[in-house]
Structures are given as C-alpha cells and as structure tokens.
Amino acid sequence: MGPSADLLLVLVTLTDFMILGTSRLTTCIRAIALQGLLLGALPLALTQRWSLHIAALAIGSAIVKSLVLPWFLRRAIREAAVRREVEPQIGFTMSLVLGTAAVAIAFGVAQRLPLPEGTSELLVPVALATVIMGFLALTTRAKAVTQVVGYLMLENGIYLFGLTSAERVPFLVEVGVLLDVFVAVFIMGIVVFHINREFDSISSTRLSELRD
Amino acid sequence: MTSWTAVWTLGLVLVIAPLLPGLATKTKSWLTGRRGAPVLQLYFDLGKLWRKRSTYSRTTTWVFRLAPVAVVATALGAACLVPLDGRQSLLRFTGDLVAFAYLLALGRFALVLAGLDTGSSFEGMGSSREVTFSTFAEPALFLGFATLVLLTGSLSLSGMFGEALFTAWGRSAAALALIAISLFLVLLAENARVPVDDPATHLELTMIHEVIVLDHSGPELGLILYGSALKLAVFGALLVGVLVPRAALPQPLAAGALAGGLVLVAIAVGVVEGVMARLRLIRVPQFLVAASVLAALATFLVLWR
C-alpha cells in the first residue's frame, strides 16, 4: 500500500465527485469508466505479492467495468437520444456539498471500524464514501441512466470494501458478483430503452403515470 | 541578510508582474491560431496610461479615487506577506494567512465600492457578481490554507511554505496535489480569468472585473491594471510555493525557480483560456464549490491520517 494505492484511491473519490457534479450523461459515463479502470488497477497496487488470483481479479473487473458496462450505457443513451440530466431532485452544487459531507462521515466512521491488520488507511473511507455518493446519485437523479451509474458506484464501493480482504475472498465469489452486476446493468439498459419507447423520455418521474 | 534577499525577490516580482497577463494572452492567441498582442503589451499600456490625464464622472466622489490606490496597496501588502524567496517574507506574524486573504478582499471591496459609486447599473451588476463569486472562492482558499497549517504546524505563511512543506510532500503528496489544483482554480476566479470571467470580452452584460473599471481612466486605470497583474503574480507565487518548496535551494536558484514557475503559471492560465469557454454565470458557483471540495478532500486526507 504505497503512495500509488493512495493516489488511485484519491482519484476514485474525484471520479465520484465528477459524477455528482456533471450534468452531461456522457461525462458521467466517462467518469464511471475511469473509475472502473482505477478499481482494476487497485488490487495490483495494494498487494504485496502477485498471484494469478489478483491478476485475474484486476483484469476481469477492469474489462467489465471500464469497457463493457460503459459501452452498454453509451448505447442506451444513444438509442434514447438523451444528453443531459435536466432536473435532479437535488442540484449539482448541493450534491457536491453533500458528497463532501459523505467523505467526512466516511472518514469519521472508518476510524471506528475494527479492520484486519495491514489495510490501507484510505481504502475503507473511500469505499464508504463511494457507497454513500452512489446512493446519492441513485436516489436524487431523475434520468434512468444516471441512476444506473449511481448503482454502479454503489457496487464499486462494495468492491472496494471487498479489497480489504482480497487475499481471502474466493475467486468464484468475485466473478459471481461481477456477473450479477453485468446482468443487472444489461437488464437496466433494456428497461431504459423500453421506458424511452413508451414515454418518449427516460425520466423516471414519469413512471408514476403507469397504469393499465 | 535574509531580509535583503526577501527585498530583492519582491522587487523581481514587482517588475515581472505585468509580464504575466501578456504571457497568458500570447499563449491563448497562439493556441487559437492568432498572432496576438506582444508579450510586453501591459508595460506599453501602463506607460501610455501614465502619460494621460484622468477624467472623472460628476457623480463620483472620493470613494472612486480611493480604489486604484487601495488595489495596488493591498496587492503590495499581500506580496509582502508571501515568502517569495522560499524562506521568509518581509512581514511575518502568527496568523498572517488571514491578513493575506483579507488584504486582497479589502482591495476588492474598495474596487466594488468604486464601481457602485459611479451609479452605473452595469458597474453595479459587475460589482454584485464580483462579490458573489469571491464569496464562493474564499472557502476554497481557506480550506487549502487550513490543510497547509495542519501539515506544517505553522500559522504563518513563511512557516507554511518553509522547510516543513518539503517533508510534507514526502508524507502526503496526494493532499498537496489536491491543494495545488484547488489553488489554481481559486487563482483563475480571483484574477477574473476564463472560465469565471473573460478578460478579453467588452460586452457589459458578460463582464465581471472589466465592467467595474469602465469609468477609470489615465494613471488610475494604470494603477488598477498593475494591481491586478500583481495580484495574479502573488497568487501564482502561492501556487509555485506549494508545488516547489524552495527553502532548501540556494538563493539565486530559488528566485529563478519562482520566476520560472510564475511564467509557467501564466502559460497554464493561457492554455485554460485557449481550450475552454467562459462558464455560464449560473455555473460559476459550481466551479468554485468544486475547488472547495478538492481542498476539503485534502483536509480530510490530512486530518484522519
């Protein structure tokens, strides 16, 4: 856990803020792809001794999170022809402020958690902050695509938390989680497409108009 | 002995300050495929303005005439507080970082009053914007300072940028890099550069800083222009101070590093102006909140270490 891991973790936090602060869906997707790439590089920076398990974990999550899922989201916004998040429930500036509060809470809470020896000091706070900010994006944004991005952030946070014990988690569990996320985003992509076709918009607020 | 080097470094900064806006403009012109004004244009402008006569609107009072002097005096005072030679500043006392921030704020206050004094609605609008945006820039600056205080354990700018900073780079490089980025964003906002304000625009509706000084003329306008250039140099010196701790360097080299750093900062400002457009006014607070967020993140990184 040298300075390179710390740097990666700080960059992960910055991508969180990027997602919260931008109104452009393409920037949002680019940020989540970047975050996926950083998460892929993290196990390599964290580990002391290299193993096939760690390398496969790194390469697998990097490919799924920074290439496949963003490609899927890009396709979804292309087909739905949306560019911007128009009216979030909480404004972008306020989201940034709340995100900062989330980081403060995460650092405060992480202090009190009993953690396995040799965990990077930054890993747990950044994981918690990413989870909270993922929730924030998931709950306050109106567009379905941004909500999917929020869901991915949430999952990335859980993945980060899992890295505290990367040496001990069986490879199959990781692959299972990765597959789950992939399927979830796949289904959400299709849902986004269908919502758009039915309502000419992917704003989830209009879903309250559903009736038979 | 030390104070003499502080004096001549201050002199160096006072002389090269008007070079910086020229460099930024030249870089921008070069990036956008134009030839641009000479790098020394501001020196020529200052010379020209000095030979002219000031005209005053009948609605203005002494407040209007006070502003140019106040702008230069406060910028000069702030420059005295920054350890320009990398060791010690001319004036130093515990808590001088607060004096630094509010000396510059005092200069802005005088300028805003002068803008309001003219009674022009455009200048009033510019004043309102200037004050609004500085409100958002202040937390970013202070959070950055607070982090430096935490890292170095000194409440004086001279201590913050001294030997302690050099060792701090070894311990928490990420936090210092975040502070540097945040300081650069504050620099852009405080000195009315793109993406907060466009120094090249002359449409009253979009201007912020430029519109306030519309009524100033002659040597007084020259003073304001020089004061702004000096403010840019002072902020640039802060940024260079964070990025390159010069306390261990021998004296001529430290001054050279400062001059070279200032030139690079000016070029960076020009690059930003070349590659992006001014933000919509409604987006500017978000830009500055982002700067505060970066500084806050740095504070957390240091605080919970």
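Residues numbered from 1 in each chain as written. Chains lettered and ligands numbered in written order. Predicted model: local features only at pLDDT ≥ 70, side-chain atom pairs only at ≥ 80, totals over all residues.

### Re the overall build of chain A
Tallying secondary structure elements over chain A gives seven helices and zero strands in all. Each helix and strand of chain A, ordered N terminal to C terminal, gives the series α-α-α-α-α-α-α. Within chain A, the fraction of its 212 residues that count as buried is 43%. The long-range share in chain A, meaning contacts at least 24 apart out of those at least 6 apart in sequence, stands at 76%. (Helix = DSSP H or I, 4+ residues; strand = E, 2+ residues; numbered from the N terminus. Buried ≥ 20, exposed ≤ 12 C-beta atoms within 10 Å, placed from the backbone. Contact = placed C-beta atoms within 7 Å.)

### Details of the overall build of chain B
Tallying secondary structure elements over chain B gives 13 helices and zero strands in all. Ordered by position from the N terminus, the helices and strands of chain B form the series α-α-α-α-α-α-α-α-α-α-α-α-α. Against the compact-globule benchmark of 19 Å for 305 residues, chain B has a radius of gyration of 19 Å, which places it among compact chains. Projected onto the principal axes, the alpha-carbon positions of chain B cover approximately 55 × 45 × 40 Å. Per-residue burial over chain B gives 51% buried out of 305 residues. Considering only contacts in chain B between residues 6 or more positions apart, those separated by 24 or more positions represent 79%. (Rg over C-alpha atoms; globule rule 2.2 N^0.38 Å.)

### Observations regarding the confidence of the model for chain A
The predicted coordinates of low-pLDDT regions are not to be read in fine detail. On average, residues of chain A score 82 in pLDDT, and 86% of them are at 70 or above. Looking across chain A, the model is least confident in helix H7 (residues 171-199) of chain A, with a mean pLDDT of 73, and most confident in helix H5 (residues 123-140) of chain A, with 92. (pLDDT = per-residue confidence, 0-100.)

### Quick word on the environment of leucine 123 of chain A
Residue and element names in this part refer to chain A. With respect to the helices and strands, leucine 123 occurs in helix H5. It is 7.3 Å that separates the C-alpha atoms of leucine 123 and phenylalanine 161, two residues lying 38 residues apart in sequence. Other than its neighbours up to four places away in sequence, leucine 123 contacts Leu9, Leu160, Leu163 and Thr164.

### Things to note about the nonpolar core
A general trend in soluble globular proteins is that nonpolar side chains are found buried together. Formed by 153 residues in total, the largest nonpolar core has its most connected members in Val149 of chain A together with Leu20, Ala233, Val234 and Ala237 of chain B. In terms of residue count, the dominant contributor to this core is helix H11 (residues 218-243) of chain B (15 residues). For leucine 20 of chain B, the residues in contact, after removing those within four places along its chain, are Ala229, Leu232, Ala233, Gly236, Leu262 and Ala266 of chain B. (Core = buried A, V, L, I, M, F, W, Y, C linked by C-beta atoms within 7 Å.)

### Remarks on the confidence of the model for chain B
Chain-level pLDDT for chain B is 90 on average; 98% of the residues reach the 70-or-more range. With a pTM of 0.89, the predicted complex shows an ipTM of 0.82.

### Looking at the environment of threonine 139 of chain A
Mapped onto the fold, threonine 139 of chain A is located in helix H5. Separated by 63 residues in sequence, threonine 139 of chain A and alanine 76 of chain A have C-alpha atoms that sit 20 Å apart.

### Re the interface of chain A and chain B
Of the residues lining the interface, 18 residues belong to chain A; the matching set on chain B comes to 12 residues. Listed by contribution, the elements that provide at least two residues to the side of chain A that touches chain B are helix H1 (3-21) and helix H4 (92-112) of chain A. If one sorts the elements of the side of chain A that touches chain B by residue count, H4 of chain A sits on top with 10 residues. Taken together, the residues of the side of chain A that touches chain B break down into 10 nonpolar, six polar and two charged. (Nonpolar A, V, L, I, M, F, W, Y, C, P; charged D, E, K, R; others polar.)

### Overview of unusual backbone geometry
Residues and elements named next belong to chain B. With an omega dihedral of 5 degrees, the bond running from valine 194 to proline 195 counts as a cis peptide bond. The topology assignment puts proline 195 in the loop between helix H9 (173-190) and helix H10 (209-212). A positive phi angle is found at alanine 192, which is not glycine, with a value near 55 degrees. Here alanine 192 lies in the loop between H9 and H10.

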